[in-house]
Amino acid sequence: MGGSCSQCCATVVLPSNIAFDQIPTSPTRLTSSQTLRLIENCIVIWLFDDPSRKYENEKEQLRSLVYGFQVFTNPDVCIDYLRDIRDEKVFLITSVTYQSIVNFYHLSSLEKIYIFDPLSLKDQKRKKHANIFSNIANLCKQLQQDIELCEFDLIYFSTISNLSNEISRERTSFIFIQIFNEIVARLKFDSNAKNVFIDFCRLHYSHNDKQLHMINEFTKSYRPHTALDWFQRSCFISKILNRVKRTREIDIIYKLGFFIKQLHVQLVHLHEENESLLKTLSIVYRGKTMLNDEFDLLLKNHTYGLLSFANILGTTVNKENSMDFIRHRLAIHPDRLGILFEIHFDHLIFNEEYPYALLKSYDLKNAEICFADGCIFRIEAIEQMNANELIIWCIKLRLISKNDSQLVRILTPYRTTEQHENPLSCLGRLLMEMGEYRRVEQFFLEILKDNSILSQPRRLVRAHNGLGANYAHQGDYITALIHYEQALKISLTYLPMDHVDLTSIYKNIGDCSLHEKDYRRALDNYHRAISLIEDNKQASNVFIIDELQTLIKNSKKLLMLTSSNK
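Residues numbered from 1 in each chain as written. Predicted model: local features only at pLDDT ≥ 70, side-chain atom pairs only at ≥ 80, totals over all residues. Heavy atoms only, no water.

### Some details on the packing of aromatic side chains
As a reminder of what qualifies: Side-chain rings of Phe, Tyr and Trp (the six-membered ring for Trp) are treated as a pair once their centres are within 6.5 Å; stacked means planes under 30 degrees apart, edge-to-face means over 60, and tilted covers the remaining angles. For the purposes of this entry, the term helix denotes a DSSP run of H or I that reaches at least four residues, the term strand denotes a run of E that reaches at least two, and both are numbered from the N terminus. Relative accessibility thresholds used throughout: buried, under 20% of the residue-type maximum; exposed, over 50%; partly exposed, between the two (1.4 Å probe, protein chains only).
Scanning the entire structure with this criterion turns up 32 aromatic pairs. Judged by centre distance (5.7 Å) and plane angle (10 degrees), the rings of Phe176 and Phe180 are stacked. With a gap of 4 residues between them, Phe176 and Phe180 both fall in helix α7 (residues 169–186), about one helical turn apart. Exposure class is identical for Phe176 and Phe180. Each is buried. On the basis of an interplanar angle of 65 degrees and a centroid distance of 5.6 Å, the ring pair of Phe345 and Tyr356 is categorised as edge-to-face. With a gap of 11 residues between them, Phe345 in the loop between β10 (337–344) and β11 (356–358) and Tyr356 in strand β11 connect regions that are remote in the sequence. Note on accessibility: Phe345 and Tyr356 belong to one class, buried.

### A closer look at empty space enclosed by the protein
Under the convention used in this document: Of the two site types, the cavity is a set of points on a 1 Å grid over the protein atoms alone where a 1.4 Å probe fits but cannot get out, and the pocket is an open set with protein on both sides within 12 Å along at least five of seven lines, each lined by residues with an atom within 4 Å of a point. Grid points are joined across faces, edges and corners, and a volume is the space filled by probe spheres set on the points. Any residue outside Ala, Val, Leu, Ile, Met, Phe, Trp, Tyr, Cys, Pro, Asp, Glu, Lys and Arg is labelled polar, Gly included; the first ten of those are nonpolar and the last four are charged.
Summed over all chains, the structure comprises 2 cavities of 30 Å³ or more. Of the pockets and cavities examined, the largest cavity occupies roughly 80 Å³. Put simply, the parts of the chain that give the lining of the largest cavity at least two residues each are α7 and α11 (236–247). No other element matches α7, which puts 4 residues into the lining of the largest cavity. Taken together, the residues of the lining of the largest cavity sort by class into 7 nonpolar, 1 polar and 2 charged. Space inside the second largest cavity adds up to approximately 60 Å³. The wall of the second largest cavity is formed by Ile349, Phe350, Asn351, Tyr354, Tyr356, Cys375, Ile376, Leu399, Ile400, Ser401, Lys402 and Leu407. The residue inventory of the lining of the second largest cavity, partitioned by class, reads 9 nonpolar, 2 polar and 1 charged.

### Some details on the nonpolar core
To keep things clear, this is the line we draw: We define the nonpolar core as a collection of buried residues of types Ala, Val, Leu, Ile, Met, Phe, Trp, Tyr and Cys that are connected through side-chain atoms lying within 4.5 Å of one another. Residue contacts are counted whenever heavy atoms from the two residues lie within 4.5 Å of one another.
In this structure, Phe104, Phe236 and Phe259 are the most contacted members of the largest nonpolar core, which totals 116 residues. A per-element tally of this core places helix α24 (residues 519–535) first, with 8 residues. Beyond its immediate sequence surroundings of up to four residues, Phe104 is in contact with Leu47, Pro75, Cys78, Ile79, Leu82, Leu92, Leu110 and Ile113. The next biggest cluster of nonpolar side chains, apart from the first, holds 32 residues, and it includes Phe341, Ile343, Ala367 and Phe377.

### Quick notes on the pairing of strand β8 (residues 306–309)
The criterion, for reference: Strand pairing is defined by DSSP finding a minimum of two bridges between the two strands.
Neither face of β8 is open: one carries Leu306 and Ser308, the other Leu307 and Phe309, and all of them are buried. Where strand β6 (residues 157–160) meets β8, 4 bridges bridge the pair, whose relative direction is antiparallel. Across the sheet, the residue bridging to Thr159 is Leu307, located in β8. The sheet contact formed by β8 and strand β13 (residues 376–387) spans 3 bridges and is antiparallel. Of the residues in β13, the one forming a bridge with Leu306 is Arg378.

### Structural notes on the packing of helix α21 (residues 457–473) against helix α22 (residues 477–491)
Short version of the rule: All axes here are fitted lines through C-alpha atoms, helices being fitted over the stretch that makes contact, and every angle between N-to-C directions spans 0 to 180 degrees. For classification, angles of less than 35 degrees are called roughly parallel, those exceeding 145 degrees roughly antiparallel, those between 65 and 115 degrees roughly perpendicular, and all remaining angles oblique. The handedness criterion is simple: a crossing whose near helix is rotated anticlockwise from the far helix by less than a right angle is left-handed, and one whose near helix is rotated clockwise is right-handed.
It is the contact of α21 with α22, at a shortest axis distance of 8 Å, that shows an interaxial angle of 160 degrees. Relative to α22, α21 is oriented roughly antiparallel. At the point where α21 passes α22, the crossing takes the left-handed sense. Here Pro457, Leu460, Val461, His464, Asn465, Leu467, Gly468, Ala469, Tyr471 and Ala472 of α21 lie close against α22, whose contacting residues are Tyr477, Thr479, Ala480, His483, Tyr484, Gln486, Ala487, Ile490 and Ser491.

### Section: the pattern of salt bridges
For clarity, the threshold we go by: The salt bridge definition used is simple: a Lys or Arg side-chain nitrogen within 4 Å of an Asp or Glu carboxyl oxygen.
Per the counting criterion, the structure on display carries 31 salt bridges. Between Glu436 and Arg169 there is a salt bridge whose closest N-O contact spans 2.8 Å. With a gap of 267 residues between them, Glu436 in the loop between α19 (423–433) and α20 (437–448) and Arg169 in helix α7 connect regions that are remote in the sequence. A residue is classified by how much of its surface remains accessible, and Arg169, at 39% relative accessible area, is partly exposed. Salt-bridge contacts for Glu249 lead to Arg243; the nearest nitrogen and oxygen are separated by 2.7 Å. Among the residues examined, Arg243 registers a relative accessible area of 2% and is labelled buried. Taken together, the salt bridges that share partners define one network made up of Arg37, Asp87, Glu88, Arg243, Glu249, Asp251, Arg438, Arg439 and Glu446.

All quantities given are derived from atomic positions and should not be read as evidence of function.
This is the structure we're talking about:
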């Protein structure tokens, strides 16, 4: 796609006989999404200050057991790397002195620090510092335990206030969870979906022998009725799903779509099997910790509002089990608040779109209930608890029906024909409203890298239009113009030059040109857009025509003003 923007965008009407397979579809600029991505919540970093001590055996053991393992020998480079971490929690192993690592504690991505010193007297050192290890096997064991606790704490939820209808990031996030789940539920996946996901996993776990072994087992033995069993295992599939549901990486969620649908079906069947036992239960619990600011924003003043978990939610009948989890997490992070979700449910309220089920258990006192991702609850009360000097808030939730009047009022404006006809555009718009431009870019660039869509021009057009809108929202009009021009070129391989569906592309090109102060090009594209509407009486839209006429009027004024100043 090389060349300057003026070269790329100067032509207003393109020839209609472009060969589709001659149009380049690669991304226009290198982004982080083109490197091997991190696909779990937690990564392990080892910083040591003596390059002469190679620790090759220890590094190999860690690399084969934990995900995202990286090594640094320069503390400043390591700190710079950690500052750029946005989505992951970091477990840092260091062999440097305690005075050197105090500079790391302020980093928000840092979860825990371990000192590895194979030459130390372990028992004496442990008196001073609980996380000092002289044995790599013991360190690996502790790491895996701590990562499991952290993963369990990283459930993501959104709330929506009952007091305000203002559009906010939090409100849009709640809506996104519901609309995205509705879109995924309608998608159909072919028999190759599992293989696509497996290939993706093998690529990203190529250095992790333990997970590669599980991926091979999944390849051979997975069947739809085993989805829940696989999700409950501490392995690649649950780790990836829990992360991408939290981070909204919709391209990876799509790869997991076949699994999510089969998991939901299994929950529906399990609900039916255990319904008689389920009737004897009405309250379950889930523990979590949060920062004060998060609590104030998402929960504190949201009584009678709605709450939805993006993740598949495991809960327990045993309140003390959840309290123990909170105590363990607060011991590691005393600056956080403990949150106990007390979830009330009525067995008469059951939505197949958002199923829940009692997991098989011979001990009802410790039974677990699994709620599908997207289940919606009303926040009935928010109460502070006294628990041995710990600050713990009890959030009382009640499961609601999909026909709840408050929920229907919130979601109805978003259940449009666009959601059915162009789900990509719908999801992209919601992400942009949340300011998640990086996720939109990541998603559409992944589509452009997918060889399977090279013969599907309409999907390519949607991807380029999505990227164009995303860059335009950020004020990067030059890059947006490049993608809109690509969308126009590809559209003209299957649409006649006077087709009304080209209207929005011409208008978008005009808008970006106007922002770039290329008023003549803006005028040309606005005129082209309005002529397409006027020539097509069935598609006539007085509001769009009025908007285009206003834009033409303003562009003419700006063009005349610019000409008079020369």
